[in-house]
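# Summary of the model geometry
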Amino acid sequence: MDLLKAFTAVYSYTTPEVRAVIGDLTQSYPGELIDEGWVRSDLTKFQDYAFAALIALRSGEAVGLSEFEFRYPTYGSDHAICEYMTHLKVDEGVSFIYVFENDYEGYVERAKSRGLEPIFKPINCKPEGFSPGIWFISNPSARDGNVLPQGVIDRLLNSGHRIVYDLAYLGTTDERQFDLRHEGIDAAFVSLSKPYGLFSHRIGLSFFRRPVPSLIANELWFKNIFGLKLATEVLTRIDGKSYASRYKARQADIVHQLRKESELPLRASDAFLLAHIAEADAEFLTRDQQAALQRYKRGPRYRFCLTPFFAEGERPVIAR
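Here the structure is a predicted model, which means the values were calculated and not measured.

This part takes up the nonpolar core. Core analysis: the largest hydrophobic core is formed by 101 residues, its most contacted members being Phe136 and Phe207. The contacts of phenylalanine 207, once residues within four sequence positions are left out, are Phe51, Leu54, Ile55, Leu65, Phe68, Phe70, Arg71, Asp186, Ala187, Ala188, Phe189 and Val190.

Dropping the structure here:
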């Protein structure tokens, strides 16, 4: 196994379990579903089923998910990020957002394109020391695939900051809890891309405390009906705990073999798609190792997407 086959961007992998669901659904696709867009005026049932399935599966991990009153089907998490940033700019007059250093780069690019200034802060910042604002945060974090250190979110909320919570990696860790109950958490975005490899289907289930005017049309009419049906099937047919455990075990085997062969201090991330070299371990890399790994560097650490190793021997279906 060659560590340098790892991807630098996170390309998620469609597991055999998900492929089986897709195969079954496409074989038995209800004919009446094809005509839903023009035969029926009420299309909300499709996202209602998907949201209900998600809450039933993930309420123990994403505590308080059911308390968000406004729920919209979106074309992945990116669509929700874009629309909420536009809402902040246009409807609330926000001029900047906060982002942790080396978090998901999409926040930065989307913010800039909407006239919002991204302000970067370290994970260990003291939030009471600067003006309260709105944070876009991934947890588990896109910077290395690990759950944020305990207290990071609470310190922000207790200092009057607001949080947009990106749960892109929900369902890819061992048993964890992400508490979404604080009123300072504006929104929570869930996507089926990372855990299930369904990027190309653009399935996002997005939760908000307050209405987002530009997404109301998605609630009523504009949606991926097949994607929502697929989401419902995946979320009800695949057991969340055993699924994550199975791929966490495969991740551990992959990382063990890569560590053995490369002699690098590679660690399995909390999210099963990723591995990393921690900041403390990176200090001991030789110059040659640093040069070879340069493209994987994110701030003081290195991040590796393991999708090629999961997909060895299979035809991979991948997504960001």
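Right, let's talk about the packing of aromatic side chains for a bit. Inspection of every chain in the model, using the stated rule, returns 23 aromatic pairs. Centre to centre, the rings of phenylalanine 7 and tyrosine 11 are 5.2 Å apart; their planes meet at 70 degrees, and the pair counts as edge-to-face. Relative to tryptophan 135, the ring of phenylalanine 100 has its centre 4.9 Å away and its plane inclined at 50 degrees; by these criteria the two rings are tilted. Of this pair, phenylalanine 100 sits in strand β4 (residues 96-100) while tryptophan 135 sits in strand β6 (residues 134-138), and the two are 35 residues apart along the sequence. A single burial state applies to phenylalanine 100 and to tryptophan 135, both of which are buried. Aromatic rings pair up to connect Tyr13, Tyr196, Tyr243, Tyr247, Phe272 and Phe310 into one cluster. A cation over an aromatic ring shows up here: lysine 194 above the ring of tyrosine 169, its NZ or CZ 5.2 Å from the ring centre.

Turning to the sheet that holds strand β11 (residues 267-268), a few remarks are in order. Judged by pairing direction, the sheet is antiparallel, and its four strands sit side by side in the order β11-β12-β14-β13 without closing on themselves. Across the chains shown, the open sheet's two edge strands, defined by having one partner strand only, are β11 and β13 (297-298). The pairing of β11 with strand β12 (residues 274-277) spans two bridges and is antiparallel. Pairing of arginine 267 across the sheet is with histidine 276, part of β12.

Rules and cut-offs
Residues numbered from 1 in each chain as written. Predicted model: local features only at pLDDT ≥ 70, side-chain atom pairs only at ≥ 80, totals over all residues. Heavy atoms only, no water. Core = buried A, V, L, I, M, F, W, Y, C linked by side-chain atoms within 4.5 Å. Buried < 20%, exposed > 50% of the residue type's maximum accessible area, 1.4 Å probe, protein only. Contact = heavy atoms within 4.5 Å. Phe/Tyr/Trp six-rings, centres within 6.5 Å; stacked < 30°, edge-to-face > 60°. Helix = DSSP H or I, 4+ residues; strand = E, 2+ residues; numbered from the N terminus. Lys NZ or Arg CZ within 6 Å of the ring centre and 35° of its normal. Pairing = 2+ DSSP bridges.

Keep in mind these values describe shape, not function.
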